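Single-letter residue listing:
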Amino acid sequence: MNTKKLFIPGPTHVLDETLRAMAQYPIGHRGQAYKDLHFEVVAGIQKVLFTKQSILLSTSSATGLMEASVRNLVQKRAANFTCGAFSERWAEITEICGLPQDTFSVAWGKPNQPEQVREALATGKYDVVTIVHNETSTGVTNPIAEIAKVVNEFPHVMLCVDSVSGMAGLPFYFDEWGVDVVFASVQKAWALPPGFAVMAISDRALRRAESTISSQKGFYFDLPLMAKSGAKGQTPITPSLPHMFGLQSQLKRILAETVENRFERHRQMAHRSREWGREKFGLFAESGYESNTVTCFNNNAGIDLGKLIQDAGNQGFIISGGYGELKGKTFRIGHMGEHQMADIEELLIVLDAITNALRDDR
Ligand SMILES: *Cc1c(COP(=O)(O)O)cnc(C)c1O
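Residues numbered from 1 in each chain as written. Predicted model: local features only at pLDDT ≥ 70, side-chain atom pairs only at ≥ 80, totals over all residues. Heavy atoms only, no water.

A. Up close: the side chain of T212. Within the fold, T212 resides in the loop between α8 (203–210) and α9 (214–217). For T212, a relative accessible area of 5% gives the class buried. Those residues in contact with T212 that lie beyond four places of it in its chain are R71, N72, Q75 and K217. (Helix = DSSP H or I, 4+ residues; strand = E, 2+ residues; numbered from the N terminus. Buried < 20%, exposed > 50% of the residue type's maximum accessible area, 1.4 Å probe, protein only. Contact = heavy atoms within 4.5 Å.)

B. Region of the structure containing the packing of α8 against helix α10 (residues 223–231). Where α8 meets α10, the closest approach of the two axes is 8 Å, and the angle between their N-to-C directions is 125°. Taken together, the axes of α8 and α10 are oblique relative to one another. Taking contact as the criterion, the partners of L206, A209 and E210 in α8 are, on α10, L223, P224 and A227. Residue classes in the contact of α8 with α10 are distributed as five nonpolar, no polar and one charged. (Axes fitted to C-alpha atoms, helices over the stretch in contact; angles between N-to-C directions. Parallel < 35°, antiparallel > 145°, perpendicular 65-115°, else oblique. Nonpolar A, V, L, I, M, F, W, Y, C, P; charged D, E, K, R; others polar.)

C. Up close: the site of the ligand. Near the ligand there are 14 residues, and of these S61, T63, T136, S185 and K188 occur at the shortest range. With respect to the ligand, the side chain of T63 contributes an N or O atom lying 2.5 Å from an oxygen atom. Between an oxygen atom of the ligand and a side-chain N or O atom of S185, the distance comes to 2.5 Å. Every element with two or more residues in the shell around the ligand is listed here: α3 (62–73) and α4 (85–96). Residue composition of the shell around the ligand, grouped by class: four nonpolar, seven polar and three charged. (Near = heavy atom within 4 Å. Polar contact = N/O pair within 3.5 Å; in protein donor to acceptor, adjacent residues only side chain to side chain.)

D. Local environment of the sheet that holds strand β14 (residues 331–334). Pairing within the open sheet is antiparallel, and its three strands lie in the order β11-β14-β13. Bordering the open sheet on either side are β11 (294–297) and β13 (320–321), each of which pairs with just one other strand. Where β11 and β14 come together, four bridges link them in antiparallel fashion. In the sheet register, F297 faces β14, and the bridge partner there is F331. (Pairing = 2+ DSSP bridges.)

Without other data, these values stay purely geometric and don't point to any function.
Here it is, written out as structure tokens:
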């Protein structure tokens, strides 16, 4: 297919093979063929997340599941930890839903730290933590394993993690770490077109959600209801079948590559991108917390970033500007999903040529 290639941190590049898999004639979503498909997709996602607990499939983007997790689980008060635009959105959602909450932020570019979480939870005020795994706006990966350890010192606190731009690209040991909710849209490291999201949820989180009043949960995102249908190989509503076919195809590919090799490929692509831009542009993320799926560069080179992005686009390589308050100050490259090292090398050659030309222009 003749198309410009996406190197933005979502939606990201989709293989022709995946697009073809999605374009199948519909099947009834209450029949045996759908059940088989549903269970196959669930089993695959369980392998990617190293979990034996429930997987929920949602015909929505991940933002729907951000909202679902707080509406289903907050009975006392939420502690929303923020370190960039997407984690801030979760705090905003919690507030808009009328749920009691407090926001604990760090400067953009820095990670949330376990100590910050312990200090907040020690007040005894909270029963839910929301935190982002991989902050797409800043290129920071939070130390979720360490943070989960702290949260688990407080047995009644549910840990909800947004791994929208991490899942299927970064390791996530759901059961071992003791996480209660993690979700992702499929247009990031899952490498599918947008419009669908997946969630893992712990048994204890489902029990909590069962005792949350229905008017707070709503219907579309009633997580225990979704789990109940899921146990029968169904969803409460009509699912996006093209995404189910696409997930089936992608999971075959991911499991054939092996998840370990997939994580290693992401690590290598990220390492190469960082080495390329460390001197020339500077990295926005605090050292030691740089993401392996998206890199956010500063502009030490002092070039016109709008022009860089535009010129790269004209040559068929779509990269991304800074998000939110970083607009005009940073740019981002997504290296996730089905990108290979050769694609990154190709992109960096193009960006080098454009950068040199823009420097001469100054
Ligand atoms: C993209 C993204 C979202 C939002 O996902 P939608 O699919 O637009 O709902 C949320 N959190 C993070 C970290 C993201 O990267």
